[in-house]
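# Observations on chain architecture
The primary structure of each chain is shown beneath.
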Amino acid sequence: MPRHAAPAADVIAAARAGERGALEELSSRTLPLVYSVAARAHPYRDDVDDIVQETMMRILRGIGGLQRPEAFRSWVITITVNEVRDHIRRRGRRETTGAAFDAAEHRPDPAADFAEGVILDLRLSGQREETVRATRWLDEDDRELLSLWWLETAGRIARAELASALDMTGHQAAVRVQRMKERLHTSRVIVRALAARPACGELTRLTLDWNGTPSGLWRKRLGRHVRQCPQCVRHEEGMLAPEGLLAPLALLPLPAALLAWRPWLSTGTHTAVADHAGTAATSGGGGSATAGTAGTSLTAKAVVAASALLAVGGALVYAGPWSSPSARPATAPTASGPASAPSPAASASSSRPAPVQGSAVSRPSPRSLPGPQYGSVVDTVDSAPPPDRPPAALPHRPQTTVTMTGLKRHLDGYQLVHRGDTVVLCGKGYFTVHWDVMYGLRPGLLTMPSWTGLRGRLFHVASGGGHRMDDRQPGATADGTWMGNRQQGLITLPPGAQQMWQNEYYYLDGSVTLHLNETQADYNLDVLPSSWQETADDIATPPALHSADRERYGLVRDTGRDDAPVPQYTTRSTPIDAGTVPQRSVVS
């Protein structure tokens, strides 16, 4: 018997009669299951909230015609799966015409949203993390099956309910599950092989034409290699069974915004349900009703406050942004508000419209304002100085200690590797961000990192490391820079983004969070403690003849005053979902 039982028969009976309390309980117990099935089965995360809402509306509108209460959960799962399929078909039709089709090649991997979101929300690591990442390589049908099998392994649903939702016999379902697990295993080996260092040379050659988007086609191509390659096949060693890895993740964290905006429980819903009671129709749920159109129209969608953490039906609920901006009601509270700052001039402007991702935000010039203004030169894009021009003197700012908190330790600091990785910095002093762009692994458009929740002051004081990332690499072909080449792939920056140097130096007096917003292009950031002396020494080291990496002097950006440059994409607002930080700067 699954541990997550369906609502009791008397609750279902009361809900069929339209009783408000019963509808509340039925919704609370059903919502986590619906959300978990939809989120894993649907490849586009931005559609999931819409799917969940429509599914819940269909469930509550059709509950009056449910003939067999014991078939309730099978009926719910069937409706959810059908709603996912309908959304995929509708979206597929929309994206095969016009500009949407032309832009499809350049769209970030939609399936990454689910995997990266779960890893971020649940702070996964090790084999559990790699297994979730491997789900990105599965086909649509396998992802749908995995959604249900995931719940079965945790005892949330029974095999009969899984088979019923997919319109299969128990034997057919068992065969399908076994084949899906084999493809998941191959995907896990591919994830390990692509992340291995040193990389397999043949695997690198095979992926030169790969755009970085996991897919079933590339799973087959790379799967043949990893099964035959003596170096890659060793990645199978020590793999744990997926059942034990996935079972604890059966019910996904449920966005509180999904509860905060609940049209299926607005005033009048219970009347519509009661009016619909007794209107039976057939469906795949075994004598249950399909979701018809309610005879009474629902009232306007109500928006109510929801706490940041709330136990609902055994699922963890967290405050998350509404993923469908076009559907957000005008009266809904914003997902993130401005953080308090030490000075009035540094308050956030959350009411401003956010620019599109990757765009620069123009700031007033220092001359237009009385006295030096903090943040007045943010988002200024510059060109490279002559390689042999020594830097100006680096102003000396007071320094004590900058402490760091993150997930992956690296040397004396932390390394940001995956989308959603963050490091929190606090204190007064200097630190370094070292760039490592992985153009040979996954080229494409680079989504710039961003800084959020700034309290105090943050300055971009210098650039060094011996080269800008768009400098020509010694020994490379004519078009080869530190951002890539035609043979191995190129990494490009969005319009308005400032070209980074190998080492970027910053001065902090307060606290801030740095986010890695990796989507298409692969890159890593090493965030390390520094000092005024270490920064000055690096940027003052001259370019060396026949050097593999020191091609120019560094650059001083610091003026020593508050009008010194602030890093691009800095905001005093703290986002709820760190994996969806917009590329904008709002600091004054």
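Here, the structure is the one placed above.
Quick caveat: nothing in here was measured; it's all calculated off a predicted structure.

This part is about helix H8 (residues 140–153). In this model H8 runs 20 Å from its N-terminal to its C-terminal C-alpha over 14 residues, within 8% of the 20 Å that 1.5 Å per residue would give. Counting buried positions along H8 gives eleven out of 14 residues, so the element sits mostly inside the fold. Just beyond H8, the residue with positive phi is Gly155, at close to 75°.

Attention shifts here to the environment of Ala163. Examined against the element boundaries, Ala163 turns out to sit in helix H9 (residues 159–165). In the structure, Ala163 is positioned ten residues away from Ala173 in sequence and 5.6 Å away in space, judged by C-alpha atoms. Setting aside its immediate chain neighbours within four residues, Ala163 contacts Met168, Thr169, Gly170 and Ala173.

Applying the stated criterion across every chain yields a total of 21 salt bridges. Measuring nitrogen to oxygen at the nearest pair gives 2.9 Å for the salt bridge that ties Arg73 to Glu161. Of this pair, Arg73 sits in helix H4 (residues 72–94) while Glu161 sits in helix H9; the two residues are 88 residues apart in sequence, bridging distant segments of the chain. An identical accessibility class is assigned to Arg73 and Glu161; each is buried. Glu130 serves as the salt-bridge partner of Arg192, at 2.9 Å between the closest nitrogen and oxygen. Note that Arg192 is positioned in helix H10 (residues 170–195) and Glu130 in helix H7 (residues 126–134), a separation of 62 residues in sequence. Taking relative accessible area as the criterion, Arg192 reaches 17% and is therefore assigned buried. A single network of salt bridges, built from pairs that share partners, joins Asp382, Arg468, Asp470 and Arg557.

With that out of the way, let us pick up a positive patch on the surface. Side chains of Lys220, Arg221, Arg224 and Arg227 sit close together on the surface and give a patch of like positive charge. One can find Lys220 in helix H12 (residues 216–228).

About the criteria used
- Residues numbered from 1 in each chain as written.
- Predicted model: local features only at pLDDT ≥ 70, side-chain atom pairs only at ≥ 80, totals over all residues.
- Heavy atoms only, no water.
- Helix = DSSP H or I, 4+ residues; strand = E, 2+ residues; numbered from the N terminus.
- Expected span 1.5 Å × (residues − 1).
- Buried < 20%, exposed > 50% of the residue type's maximum accessible area, 1.4 Å probe, protein only.
- Contact = heavy atoms within 4.5 Å.
- Salt bridge = Lys/Arg side-chain N within 4 Å of Asp/Glu carboxyl O.
- Patch = residues over 30% accessible without salt bridge, like charges linked within 9 Å, V, L, I, M, F, W, Y side chains within 5 Å.
- Areas by Shrake-Rupley, 256 points an atom, 1.4 Å probe, with all protein chains shown as cover.
- Lys, Arg positive; Asp, Glu negative; His and termini not counted.
- Charge placed at Lys NZ, Arg CZ, Asp CG, Glu CD.

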